Amino acid sequence: MRDTILRSEVFFFATECAMMSEGFRLLLQVGVILMISRVVGKLFSKIRQPQVVGEMVGGILLGPSLLGWVAPRISNIVFPASSLSHLQALSEIGLVLFMFMVGLSLNSGEVNSNRRAAVLISHVSMVIPFCAGALIALYIYPRMADDSYSFKGFALFMGASMSVTAFPVLARILTERNLLQSKIGSLSIACAAVDDVTGWCVLAYVVFTIRASRAATPAYLMGVEAVAYALLMLFVVKPFTCYFERVFTANKRLTEHAFALMVLLLLASALLTEWLGLHLVFGAFLMGAIMPRSPEFVRHVVEKFESLTVVVLLPLFFGLSGLRTAINMVVGQGLWIYALIIIVAAIASKLGGSLIAARLTGMAWKDATGLGVLMNTRGLMELIILNVGLEIGAIPTTVFSIMVLMALATTFMTCPLLDCLYPAGVAKSAERELQKPQVA
Amino acid sequence: MEVKHPALRQPSIARVAASYLLLVGLPLLAVPMIFKVGRQLSAPPAIGGEWTFRLGSSGSSAGCPWQGVKQIDASITQAGPDVRITFKAGSGPVLVGWLWGQGMEGHRLAARSPTVPGSPRIERLTAMVQARDPDRTMEGSLSFAADAECETPFSAARSFSSQQSAQ
C-alpha cells in the first residue's frame with residue numbers, strides 16, 4: 001500500500017514536471033543548486049574549509065555521483081540532459097564575470113616586492129607538475145582515452161590542469177587564517193599571481209593548439225588573428241578604459257551608462273576570443289587585466305559584480321561541473337587506482353616542486369612546506385580548466401571526473417595542513433613580530 | 001639607520017638563475033621527448049554513445065530469444081578499453097567487455113542480469129569495430145544462455161557519440 005502511494009506520488013510529480021515549461025524548469029534547477037551549494041558550503045565552513053569547497057562538493061552531489069545514482073528518476077526530472085544547455089549558458093555568464101574579476105584583481109605590486117623568489121617558485125611549481133601530468137598521460141592515455149582524443153591534446157591538458165593554482169581560494173584561505181600579511185602569505189600571493197598570468201597564457205596556447213589542429217582555418221592564420229586581438233586590447237581598448245576611471249572619479253561611483261558600457265566591452269572581448277578559437281574565459285580575463293588599477297576603482301567594480309557572480313552564478317558553474325562528474329563511473333569501473341596515481345602525482349609535483357624552489361631561495365623548511373601546501377590548492381581554477389578541456393574534447397568524461405576528485409582533494413587538504421603548520425596563535429604572534437621594524 | 005623587513009629578503013640573482021636552469025629549464029627539455037614517445041601510443045577505438053543493433057535471423061532453434069526482433073537500441077559507455085553495454089530492451093541486459101585492437105568481447109554482468117522470466121539472458125557478445133570517421137559500425141554475434149544454437153548475428157551503427165553529449 002505504501003509503495004503504491006509512493007509510486008503514484010512520484011508518477012504525479014513526474015507528470016507535473018513533464019508539463020513544465022523550460023523557464024520553470026530552469027528556475028527550479030537554479031533554486032535547487034543554490035540551496036544545496038549554500039547548505040553544503042555552510043557545513044564545510046563549520047570544519048574550517050572555504051565555502052567554495054563545499055559548493056564544489058554540493059555540485060557533485062547533484063550529479064550522477066549521488067542524486068543520479070540514488071534517485072535517477074528525480075535527477076532526470078530536475079536535470080534532464082535536454083535542459084542542461086540553458087543552465088550551461090547561465091553558468092558561462094557567471095564564468096565570464098568571475099574571470100573578469102580575477103583579471104581585475106591582479107596586482108603587479110604584490111609581485112614587485114618578491115619578484116625574484118616569486119617568479120622562480122611560481123614557474124617551478126608550474127613546470128614540474130606540467131611534466132608530471134604529461135608523463136602520467138603516457139600511462140593513462142591508452143588505458144582511459146580512445147582514438148577520438150589526440151595524445152598531444154590529452155597530455156597538454158593533463159599537464160595544464162596539474163600545474164594550476166587557485167588564486168582566489170588561496171587568497172580567501174590566507175585572509176581567514178590571518179596569514180595574508182605574513183612572509184609566507186605575501187610570497188604565496190605573489191607566486192599565485194605569477195602562476196595565474198603564466199597559467200592562462202599556457203592554457204590559451206594549449207586550447208589554441210588543440211582547436212587549430214581541428215579547424216578549417218590554417219593554424220598560422222589563427223595565430224595572426226589571436227595576436228591582432230591582443231594588440232587591439234592592449235593599444236586600443238586599454239587606453240579607452242581610462243574613461244571608466246574618469247567617470248568613477250568625477251561621480252564617486254560608476255554611472256549606469258558607464259557600467260553598461262563596461263559589461264558590453266567585457267562580453268565583446270569574451271565573444272571575440274571564443275570566435276577566434278580560444279575560449280571565452282580568456283577574453284574575460286584579459287578585459288579585467290587591462291582595466292585601470294587604482295584600488296578604489298577596482299574595489300568599486302568588484303563590489304558591483306561580486307554578489308551576483310559569487311552567490312548566484314558561480315554555484316551554477318559548480319552545479320554544472322557536478323552534473324558532468326561521475327564518480328560512480330570511476331569506482332564502478334575500477335579506475336580508482338588511476339585516480340590515486342593522479343592525486344599522488346599532483347600533490348607530490350606541486351607541493352614538492354614549490355617546496356624545493358622555496359628552499360633554494362633561502363626559506364626555512366616550515367615556511368617552504370607551508371608555501372608548497374598553499375600552491376597545491378587547485379580549487380575553482382582547476383574546475384574552469386577541466387570544463388574547458390571537456391568542452392573542446394581534449395579529455396574524456398572519466399578523466400574529467402578523476403581530475404575533479406584531484407581538485408577537491410588538493411583543495412581540501414590545504415586548511416588542515418596549514419592549521420598544523422600555523423596554528424592560529426602562532427600566526428598572530430609571528431605577525432606582530434614581523435610588524436616590528438628591524439634595524440640593520 | 002636602515003629599517004629592514006625580514007620577510008622581503010631576496011635571493012641572489014646567480015642563485016635564482018642556477019635554480020631556474022635546473023628546475024625549469026631541464027624539465028622543459030623533457031617535454032618534447034614525452035610528446036615524441038606519446039606519438040607512438042594508440043588508444044582504443046571510440047565506441048561510446050547510443051547504438052542501434054540490427055539483428056539477423058537467430059540460429060536454428062525456434063525458441064531463440066528475440067526471435068523476430070529486428071532492431072534494438074543500446075547505450076555504450078567506455079573508459080579506454082573497458083566498455084559497458086546496456087541494451088534498452090526488456091529489463092536492459094548489461095554486458096561488460098573490453099576492446100583489443102578493433103575487436104570487442106563482452107560478457108554478462110551477473111549482478112545486473114535480468115531475472116524476469118522470458119527476458120533474454122545475453123551471455124556473450126563478440127564484434128569487430130569498423131572505424132570509419134565520423135561513423136562507427138560494428139558487426140558480430142550475440143550468444144544467449146540456455147541454448148547454444150541461438151547465436152544471433154548483428155550489425156550495429158552509432159547514432160550519437162558520448163563525446164557529442166559531453167560537449
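Values in this document were obtained by computation on a predicted structure and should not be read as measured data.

Would you take a moment to explain the overall build of chain B for this structure?
Within chain B one finds two helices and nine strands. When burial is assessed residue by residue, chain B has 42% of its 167 residues classed as buried. Pairs at least 24 residues apart make up 42% of the contacts formed inside chain B by residues separated by at least 6 positions. Carbon and sulfur atoms make up 57% of the accessible area of chain B, which totals about 9200 Å².

Whenever I open this one, the confidence of the model for chain A confuses me. Can you help?
Fine structural detail should not be taken from predicted coordinates in areas where pLDDT scores are low. Residue-level pLDDT values for chain A average 85, and 89% of them are 70 or greater. Across residues 425–440 of chain A the pLDDT falls below 50, and counting only partners more than four positions away or on other chains, this stretch makes 19 contacts in the model.

Hey, could you run me through the packing of helix α9 (residues 151–163) of chain A against helix α21 (residues 397–412) of chain A in this one?
To describe two helices that pack against each other, one gives the angle between their axes and the distance between the axes. All names here are of chain A. Interhelical geometry of α9 versus α21 gives an angle of 15° and a closest axis separation of 11 Å. In this view, α9 runs roughly parallel relative to α21, as classed from their interaxial angle. The hand of the α9/α21 crossing is right-handed. For the pair formed by α9 and α21, the contact residues are F154, M158, S161 and M162 on the first element and V399, M403 and M406 on the second. Here the contact of α9 with α21 is composed, by residue class, of six nonpolar, one polar and no charged.

Before we go on, may I ask you to explain the sheet that holds strand β6 (residues 103–108) of chain B in this structure?
Two strands in a sheet stick together by hydrogen bonds in their backbones, pointing the same way (parallel) or opposite ways (antiparallel). All names here are of chain B. Spatial ordering of the closed barrel is given by β2-β3-β4-β5-β6-β7-β8-β9, a layout of eight strands whose pairing is antiparallel. Recorded for the sheet is a direction-independent mean angle of 30° between the axes of neighbouring strands. As paired strands, strand β3 (residues 71–79) and strand β4 (residues 82–87) are joined by six bridges and run antiparallel to one another. Looking at the pairing, A79 lines up with D82 of β4.

Looking at this structure, how should I read the pattern of salt bridges?
Proximity of charged atoms lets side chains of opposite charge pair with each other. All names here are of chain A. Applying the stated rule across the entire model yields eight salt bridges over all chains. Between R38 and E55 there is a salt bridge, with the nearest N and O atoms lying 3.7 Å from each other. Of the two residues, R38 is situated in helix α2 (residues 22–46) and E55 in helix α3 (residues 51–62); the sequence distance between them amounts to 17 residues. For R38, a relative accessible area of 40% translates into the label partly exposed. Of the charged contacts, one joins R48 and D419 as a salt bridge, the two residues approaching to 3.0 Å between their closest N and O atoms. Within this pair, whereas R48 is found in the loop between α2 and α3, its partner D419 is found in helix α22 (residues 414–421), the two being separated by 371 residues in sequence. For R48, a relative accessible area of 45% translates into the label partly exposed. A residue is classified by how much of its surface remains accessible, and D419, at 23% relative accessible area, is partly exposed.

Even after reading the chapter, I still don't get the environment of L278 of chain A, so can you show me in this structure?
Residues and elements named next belong to chain A. Here L278 lies in the loop between α14 (256–275) and α15 (280–289). As for L278 and Y205, which are separated by 73 residues in sequence, their C-alpha atoms are 8.5 Å apart. Excluding its chain neighbours within four sequence positions, the residues that come into contact with L278 are A204, V207, F208, R211 and T273.

Explanation requested: the packing of aromatic side chains in the structure shown.
A ring pair, where both rings are aromatic, is described by two values, the distance of the centres and the angle of the planes. Taken as a whole and judged by the stated rule, the model has 16 aromatic pairs over all chains. Summarising the aromatic geometry, the rings of W200 of chain A and F285 of chain A are spaced 6.0 Å apart at their centres and angled 35° between planes, so their arrangement reads as tilted. You can see W200 of chain A sitting in helix α11 (residues 183–214) and its partner F285 of chain A sitting in helix α15, a full 85 residues away along the chain. Note on accessibility: W200 of chain A and F285 of chain A belong to one class, buried. A ring pair is formed by F259 of chain A and F305 of chain A, whose centres lie 5.2 Å apart and whose planes are at 45°; its orientation type is tilted. Of this pair, F259 of chain A sits in helix α14 while F305 of chain A sits in helix α16 (residues 295–324), placing them 46 residues apart in sequence. Under the relative-accessibility criterion, F259 of chain A is labelled partly exposed at 22%. These aromatic residues form a ring-pair network of at least three members: Y141, F151 and F154 of chain A together with F35 of chain B. Above the plane of the ring of F259 of chain A lies K304 of chain A, whose end atom (NZ or CZ) is 5.1 Å from the centre.

Sorry if this is basic, but what is going on with the environment of V127 of chain A here?
Note that V127 of chain A resides in helix α8 (residues 115–144). Classification of V127 of chain A by relative accessible area gives buried; the value is 12%. In this structure, the C-alpha to C-alpha distance between V127 of chain A and C242 of chain A, residues 115 residues apart in sequence, is 36 Å. Dropping the residues within four chain positions of it, V127 of chain A is found in contact with L23, V24, P27 and L28 of chain B.

Just checking my understanding: could you explain a nonpolar patch on the surface for this structure?
Residue and element names in this part refer to chain A. There is a patch of nonpolar side chains on the surface, built from Y139, W336, I337, L340, I341 and V344 and spanning about 560 Å² of accessible area. Counting residues per element, the nonpolar patch draws most heavily on helix α18 (residues 336–360), which supplies five residues. Relative to the assigned elements, V344 resides in helix α18.

I'm lost on the nonpolar core in this one. Help?
When a protein is soluble and globular, its nonpolar side chains tend to lie buried together. F157 and I384 of chain A are the most contacted members of the largest nonpolar core, which has 156 residues in total. Excluding its chain neighbours within four sequence positions, the residues that come into contact with F157 of chain A are L203, V206, V207, I210, I385, V388, G389, I392, A394 and I395 of chain A. Formed by 23 residues, the second largest nonpolar core is a distinct cluster that contains W51, I72, L95 and F144 of chain B.

What is the right way to look at the pairing of β4 of chain B in this model?
Across a regular strand the side chains alternate sides, sitting on one face of the sheet and then on the other. Residues and elements named next belong to chain B. Side-chain alternation along β4 places V83, I85 and F87 on a buried face and D82, R84 and T86 on a face that remains uncovered. In this structure, the hairpin formed by β3 and β4 is closed by a connection of two residues, where G80 is found at a positive phi of approximately 65°. Relative to strand β5 (residues 94–100), β4 is paired through five bridges, and the arrangement is antiparallel. Paired with I85 across the bridge in β5 is L95.

Is there a simple way to think about α18 of chain A in this case?
The α-helix advances 3.6 residues per turn, and as a result positions three or four apart in sequence lie on the same side. With 25 residues, α18 of chain A should reach 36 Å at 1.5 Å per residue; the first-to-last C-alpha distance of 35 Å fits that figure. Downstream of α18 of chain A by one or two residues, G362 of chain A has phi in the positive range, about 100°.

Would you take a moment to explain the pairing of strand β7 (residues 122–131) of chain B for this structure?
All names here are of chain B. Sheet topology note: the β6/β7 ladder contains five bridges and is antiparallel. Bridging across to β7, G103 finds its partner in M128. Here β7 pairs with strand β8 (residues 136–144) via nine bridges, running antiparallel. Looking across to β8, one finds that V129 is bridged to M138.

What counts, and at which threshold
Residues numbered from 1 in each chain as written. Chains lettered and ligands numbered in written order. Predicted model: local features only at pLDDT ≥ 70, side-chain atom pairs only at ≥ 80, totals over all residues. Heavy atoms only, no water. Helix = DSSP H or I, 4+ residues; strand = E, 2+ residues; numbered from the N terminus. Buried < 20%, exposed > 50% of the residue type's maximum accessible area, 1.4 Å probe, protein only. Contact = heavy atoms within 4.5 Å. Areas by Shrake-Rupley, 256 points an atom, 1.4 Å probe, with all protein chains shown as cover. pLDDT = per-residue confidence, 0-100. Axes fitted to C-alpha atoms, helices over the stretch in contact; angles between N-to-C directions. Parallel < 35°, antiparallel > 145°, perpendicular 65-115°, else oblique. Left-handed = near helix turned anticlockwise from the far one by under 90°. Nonpolar A, V, L, I, M, F, W, Y, C, P; charged D, E, K, R; others polar. Pairing = 2+ DSSP bridges. Salt bridge = Lys/Arg side-chain N within 4 Å of Asp/Glu carboxyl O. Phe/Tyr/Trp six-rings, centres within 6.5 Å; stacked < 30°, edge-to-face > 60°. Lys NZ or Arg CZ within 6 Å of the ring centre and 35° of its normal. Patch = residues over 30% accessible without salt bridge, like charges linked within 9 Å, V, L, I, M, F, W, Y side chains within 5 Å. Core = buried A, V, L, I, M, F, W, Y, C linked by side-chain atoms within 4.5 Å. Expected span 1.5 Å × (residues − 1).

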